[in-house]
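Residues per chain, in single letters:
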Amino acid sequence: MVRFRFSPLFLLFSFLVNAQVQSPDSFLGYTLGTHFTRHHEVVDYYQHLEDNSAGIKLHPYGKTNEGRLLQLAFISSPENIENLEAIRKKHLQNSGIEKGETNDEKVIVWLSYNVHGNESSSTEASMKTAHALLTKYKEWLKDTVVILDPCINPDGRDRYVNFYNQTKSMPYDNNGLTREHRESWHNGRSNHYMFDLNRDWAWLTQVESQQRLKQYNKWLPHVHVDFHEQGINSPYYFAPAAEPLHEVITDFQKDFQNTLGKNHAAYFDKEGWFYFTKQRFDLLYPSYGDTYPTYLGAIGMTYEQAGGGGAGLGINNSENIEVTLIDRIAHHYTTGISTVETASKNKTILNKNYQDYFNDQNFKYKNFVLEGKPDKINAIAEFLNHHEIKSYALEKNTTVKGYDYQKQKVGSTSFSKNALVIPTDQPKGKMAQVLLEPQTKLSDSITYDITAWSLPYAYGLKANATKESVASTPFLSEAKTYTTLSKETYGYAHPYTSFEDGQFLAALLKEGLGVRYNSVPIANSGKLWERGSIFILKGDNLKTESYLKKLGEISTQFGKKLHPITTGYSSSGPDLGAAEIRLIKAPKIAVLRTDNASTLSYGEIWHYFEKQLKYPLMQVDEGRLEMSLAEIDQLLLPNGYYSKWNDSELNDKLMEWVRKGGKIIALAGALNHFADTDAFKLKKKDASETDTTLIPYGELERNGISQITTGSIFPVTLDKTNPLSFGINQYYTLKLNEDAFSLLKNGDNAAYLSANAAPISGFMGYKALDSQKKSLLFGSEDMGRGSIVYLVDNVLFRGFWYSGKMIFANALFF
C-alpha cells in the first residue's frame, strides 16, 4: 500500500480552505426550502464548495438536450480526493473488472438526486448533505468516497422551478386547488423529450442516461440511493423494499437494506416523523435507479418523500398537515446522511459481500445464443456493449440444448456460425441474465411496473438460453461494404429487414430521392426480393440532380451494400414498371399535441423522429389542427385518454381529409377515440367483470389483478403480405394493459393474437386473458383514398422495443 504524508503547511492550507466553506443558506442568500433553487445556482454552489474545500472534486460528465450541465461531486478526505483514480481501480478489483487482489480499503456510496424534475426537494437536500459531509462528518470520509449527482434531470427541474416561480402566490398558498399546485401538460417530471429517466437506466435511450451510465460503470458503488417524491398524502418511504424481488438479489442485499432502514428509523423516531417500509416499491423491473445498481452488486434503494409537482413550497394534505419544502429537504437530508453513516461503519462487510456477489457463478444459464438479421444482431450487441456486457460469436454451426424462446420449452435449437453468444461467466453476468432471460420469476404479481422485458423477444430473435458451454470466438460486427454506383445501371435495390433499413429509407426520402417497394415477391437481376424491398431506380430520379451522388453518400452513411438492378424485366413476378412496384411518397407527418395525449407517448414519438428515424415531424397543437391539415399527409395520435368520436365541425374536416388521402395512425389508448362508434369498424372487446359483492375488503386489490396485466409478452400471428409486417419474420408484443379489440371486419388485420393466446413472459390475469384471444394487434381501415392505422399496443414504449420501431416505420412509409 502506498502511504502519503502531509506537511504541516498542507494541513494548514486545508484548514483555512475548509474554514471558508459557506452553507447553502449563506451562499444563496435565503434559507433552503423558502425558495426553489435554479439549476445554474446549484452549479454555482457546488463550484463554491470545490473552490473552498480540499474534500470535494467536481467531475462534469455531459450536458442535457437543452444544454444544462451534468456533473458529479466526489466528497471524501483530502487524501482520498487526491487519489480518486487509484481508489477507483482498487475498488473495481473487487468486481473482477480490474485485475488485482480483492480488498476492503474503501466503501463507495453514490447518491442520485432529482431524476424526476418536479420531485424537487432532493436537489435542495443534496446541497445541505454535501455541506454537512464536508464540515460535520469528516470522520466518516477517511474510508468512504461519496459520489453525489446533484441533479440527474436539470431540464425537468428548471421547467418545474420556472413554472412555480411564475405562478406562485406571495406568500405561497398551501391550498391544493390553487394555480401554483397544478403544472401544465408538459410538466417537470420528465426530461426534454418527455421520457421518464427513472425508467431508462437499462434502455439508455436518453442522452442523460447514456452519459451517466458511463460514469456509473467506472465506479460500481457498494450503495446507491435514488431520491424521489410521491403523493402528498404518503409518509416517507425507505428500504427494505417490497416483494417481488428478483431472484438474483442476494440475502445480504436484502439484509443490509434492513440495516439501513433501522438506522433511518432511529432518526425519524427521534423527530416523530412518519414513515413506512416493505410496501409498494419492489425490486424487479431492471431499468430503475434502485434495481439497476442492485443487479450490479450494490445495495440499491429508492427513498420517497411526500411532495412532487403539486406540493410547491407548501401544501395541505388530506390530514390537513402542511407538507413544506423545508420539511421535505430535512427528511431527504436525514436519510442521505444516515446512509453514508451506516455504509462507513460497515466497510468490511460491504466489501466482502460485494466480492461474493461478483464471485458467485451459480447462474440459471451459462449462455444465451441469439440469431437474426445482421443489423439486429449488431444492434443488440452494441446495446449490451453500452452496459459493458461482452458478446461473442458462435465458432461453428451448432445445435444448442436449452430453453428455446420460440418453442417456449426446453429443446434443441440449431444456430449458424457467428450467431451471438452472451455468457454469464463475466463480471456483469447477472445483469445479462436479468435482461436476456426468457421468463422473470415472480414472487408476487402485484408490482410497481412491468413484469416482462426479455430482449430476445424485443428484437424478434431466434434464441436459446442454455446451461451448457458453447464454443465461441470474439464478436465482430459485420463489416460495412459499399457499392460503386454507375449512371449506366437501371437502378439499385436493398432488402428491407431491420429498423436500420427503415432509417436508410427515411434518409433517402428526406433527400428527395424516388424510392419504390414491391408489394409482392419478385426475382430480378439475379436475386429474390421479398415484399418491402427498396428500389432506387434511374427512371424515378431523372429530375433529381446528382441522384447517384446522394445515393452513394446515404448508402455509405448507413453501411448499405446496394445490389445493381440491370433491367426492369423480372425473371419471376411483376416487372419493375408494374402496379405492384409502388412509389413511396415522402410523407409530411404531424403529431397531435393535446391535453388528452400521454406526455410519455408524445415524447416517445417526438424522440423517435428526431433522434432515431431522423425524419421531419411537425408538432401541431389541437387548436391549430384544422388549419394544418392542408400541409400534412399523416396525423399521429399518441397514446392517451380521448373522448369518443362525435359529430363536430373539426371531426367532419378530419374525415374529409382522410377520405381525400390522409392517414391517421392511432397508438394504444387513442384507439378508444374511434372504437364503438358508427363512423368506424373498430370494436372493443368487453372484459368479463368480477362480482365483488362478497369479496372481503382486504382482498379487493389482490382479486382485481385477475382483470389486468402488469406487462406481458405475447407471440403474434402476422399477415406477412400486409405492409405493416414488412421485414419482420417473428413479432412479439408487449401488452401494457388489458385493452382488446375485435378483428376488423372487411379490414386489414395485419397482426393479431390467436385463439390460444397466452403470455410467454410476464403476468396477465385470467379474466383479462380471455378478451385477448383472437384480438386485433395491428390493422388498418380504408376510408376513401385514405386510411386509419390502428396500433393496439404502444410499439414505441420507452424506446426499447426494437421490433416495434420497425412496425411504426412500416406504418409511416408503406
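Summary of the structure given here. (Residues numbered from 1 in each chain as written. Predicted model: local features only at pLDDT ≥ 70, side-chain atom pairs only at ≥ 80, totals over all residues. Heavy atoms only, no water.)

As a further point, take the overall build of the protein chain. Scanning the protein chain for helices and strands turns up 23 helices and 37 strands. Against the compact-globule benchmark of 28 Å for 814 residues, the protein chain has a radius of gyration of 28 Å, which places it among compact chains. Dimensions of the protein chain, computed from the C-alpha atoms along their principal axes, are close to 90 × 60 × 60 Å. In the protein chain, which comprises 814 residues, the proportion classed as buried is 60%. (Helix = DSSP H or I, 4+ residues; strand = E, 2+ residues; numbered from the N terminus. Rg over C-alpha atoms; globule rule 2.2 N^0.38 Å. Buried < 20%, exposed > 50% of the residue type's maximum accessible area, 1.4 Å probe, protein only.)

Right, let's get into the nonpolar core. The nonpolar side chains of a soluble globular protein tend to be buried with one another. If you look at the biggest cluster of nonpolar residues, it comprises 173 residues, and the most contacted ones within it are Leu 455, Phe 609, Leu 635, Leu 636, Tyr 731, Phe 808 and Leu 812. In this structure Leu 635 touches Ala 590, Leu 592, Leu 625, Leu 654, Trp 657, Lys 663, Ile 664 and Ile 665, once residues within four positions along its chain are discounted. With 53 residues, the next largest nonpolar core counts Val 21, Tyr 30, Tyr 46 and Ile 299 among its residues. (Core = buried A, V, L, I, M, F, W, Y, C linked by side-chain atoms within 4.5 Å. Contact = heavy atoms within 4.5 Å.)

Among the surface-exposed residues, Glu 626, Asp 647, Glu 649, Asp 652 and Asp 678 lie close enough to one another that they form a single negatively charged patch. Relative to the helices and strands, Asp 652 is located in helix α20 (residues 649-659). Asp 652 sits in the partly exposed class, given a relative accessible area of 49%. (Patch = residues over 30% accessible without salt bridge, like charges linked within 9 Å, V, L, I, M, F, W, Y side chains within 5 Å. Areas by Shrake-Rupley, 256 points an atom, 1.4 Å probe, with all protein chains shown as cover. Salt bridge = Lys/Arg side-chain N within 4 Å of Asp/Glu carboxyl O. Lys, Arg positive; Asp, Glu negative; His and termini not counted. Charge placed at Lys NZ, Arg CZ, Asp CG, Glu CD.)

So, about unusual backbone geometry. The omega torsion across Met 170 and Pro 171 is 0°, close enough to zero to call that bond cis. The residue Pro 171 is located in the loop between α7 (154-167) and α8 (207-219) in this model. That bond from Ala 239 to Pro 240 is cis: its omega, 15°, falls within 30 degrees of zero. Tracing the backbone through its elements, the reader meets Pro 240 in the loop between β6 (236-237) and β7 (242-245). Residues other than glycine seldom take positive phi values, yet Gln 408 does so here, at roughly 60°. For Gln 408, the location among the structural elements is in the loop between β15 (398-404) and β16 (409-415). With phi around 55°, Lys 774 is a residue other than glycine that occupies positive phi space. Relative to the helices and strands, Lys 774 is located in the loop between α22 (766-772) and β36 (775-783). Given the relative accessible area of 55%, Lys 774 is considered exposed.

Turning next to α20. Listed as buried for α20 are Asn 651, Leu 654, Met 655, Trp 657 and Val 658. In a view along the axis of α20, the buried residues occupy a sector of 160°, so they form one face of it. Phi for Gly 661, located one or two positions after α20, is positive at around 125°. (Arc of directions from axis to C-beta.)

The geometry of helix α18 (residues 599-613) relative to helix α23 (residues 802-813) is characterised by a closest axis approach of 13 Å and an angle of 95° between their N-to-C directions. On the basis of their axis angle, the class for α18 and α23 is roughly perpendicular. Contacts between α18 and α23 involve Tyr 608, Phe 609, Gln 612 and Leu 613 from the former and Lys 805, Phe 808, Ala 809, Leu 812 and Phe 813 from the latter. Across the contact of α18 with α23, the residue classes tally to 7 nonpolar, 1 polar and 1 charged. (Axes fitted to C-alpha atoms, helices over the stretch in contact; angles between N-to-C directions. Parallel < 35°, antiparallel > 145°, perpendicular 65-115°, else oblique. Nonpolar A, V, L, I, M, F, W, Y, C, P; charged D, E, K, R; others polar.)

The 7 strands are arranged β16-β15-β18-β13-β17-β14-β19 in an open sheet whose pairing can be described as antiparallel. The outermost strands of the open sheet, each flanked by one partner alone, are β16 and β19 (472-474). Strand after strand, the sheet turns through a mean of 40° between neighbouring axes, direction not considered. Where helix α13 (residues 374-386) meets the sheet, it contacts β13 (367-371) and β17 (420-423), and its direction lies at approximately 25° from that of β17. (Pairing = 2+ DSSP bridges.)

All right, on to the environment of Ile 605 then. Assignment of secondary structure puts Ile 605 in helix α18. Taking the C-alpha atoms as reference points, Ile 605 and Lys 270, separated by 335 residues in sequence, lie 49 Å from one another. When residues no more than four places from it in sequence are discounted, the contact partners of Ile 605 are Val 591, Leu 617, Leu 636, Pro 638, Leu 667 and Leu 796.

With the rule as written, the count across this model stands at 56 aromatic pairs. Centroid distance Tyr 160 to Tyr 164: 6.2 Å. Interplanar angle 25°. Geometry classified as stacked. Remark: Tyr 164 and Tyr 160 occur in helix α7; sequence separation between them is 4 residues, near one turn of the helix. Residue Tyr 160 is classed as buried on the basis of its relative accessible area of 0%. (Phe/Tyr/Trp six-rings, centres within 6.5 Å; stacked < 30°, edge-to-face > 60°.)

What follows concerns the environment of Ile 589. By the element assignment, Ile 589 lies in strand β27 (residues 589-593). What makes Ile 589 buried here is its relative accessible area of 3%. When the C-alpha atoms of Ile 589 and Ala 668 are compared, they prove to be 19 Å apart, with 79 residues separating the residues in sequence. If we skip the residues at most four places from it in the chain, Ile 589 touches Phe 609, Tyr 615, Pro 616, Leu 617, Met 618, Gln 634, Leu 636 and Leu 812.

We now examine empty space enclosed by the protein. Scanning the entire structure with this criterion turns up 5 cavities of 30 Å³ or more. Within this model, the largest cavity holds a volume of roughly 80 Å³. Forming the boundary of the largest cavity are Met 194, Phe 195, Asp 196, Arg 199, Asp 200, Leu 600, Glu 604 and Arg 798. The residue inventory of the lining of the largest cavity, partitioned by class, reads 3 nonpolar, no polar and 5 charged. (1 Å grid on protein atoms, 1.4 Å probe; cavity = no way out; pocket = protein on both sides within 12 Å on 5 of 7 lines; lining within 4 Å. Points joined across faces, edges and corners; volume = space filled by probe spheres on them.)

Moving on, we come to the environment of Ala 266. One can find Ala 266 in helix α9 (residues 251-271). Note: C-alpha distance between Ala 266 and Ser 338 (72 residues apart in sequence) is 9.6 Å.

Moving on, we come to the pattern of salt bridges. Per the counting criterion, the structure on display carries 33 salt bridges. We note a salt bridge from Arg 328 to Glu 229, for which the minimum N-O separation is 3.0 Å. With Arg 328 in helix α11 (residues 325-344) and Glu 229 in strand β5 (residues 223-230), the pair connects residues that are 99 residues apart, well separated along the chain. Accessibility classification places Arg 328 together with Glu 229 in one group, the buried group. Each of Glu 119, Arg 189, Asp 196, Arg 199, Asp 449 and Arg 798 takes part in salt bridges that share partners, so that together they form one network.

Looking now at the pairing of strand β2 (residues 69-75). Here β2 lies mainly inside the structure; 6 of its 7 residues are buried. When strand β1 (residues 56-63) meets β2, the two strands line up antiparallel, connected through 7 bridges. Note on β2: the bridge partner recorded for Ile 56 is Ile 75. Bridge count for β2 against strand β4 (residues 144-149) is 3 bridges, and the pairing is antiparallel. If you follow Ala 73 over to β4, its bridge partner there is Leu 148.

Across the sheet, 8 strands lie side by side as β28-β27-β29-β30-β37-β36-β34-β32; this open sheet has mixed pairing. Here the strands that pair on one side only, and so sit at the sheet edges, are β28 (618-621) and β32 (717-718). As judged from the 4 bridges shared by strand β29 (residues 634-637) and strand β30 (residues 663-667), these two strands associate in the parallel manner. Considered in β30, the bridge of Gln 634 is made with Lys 663. Across the sheet, α20 touches β29, β30, β36 and β37 (786-791), and the angle it forms with β30 is around 115°. Together, β27, β29, β30, β36 and β37 form the strand contacts of α23, whose direction differs from that of β30 by roughly 160°.

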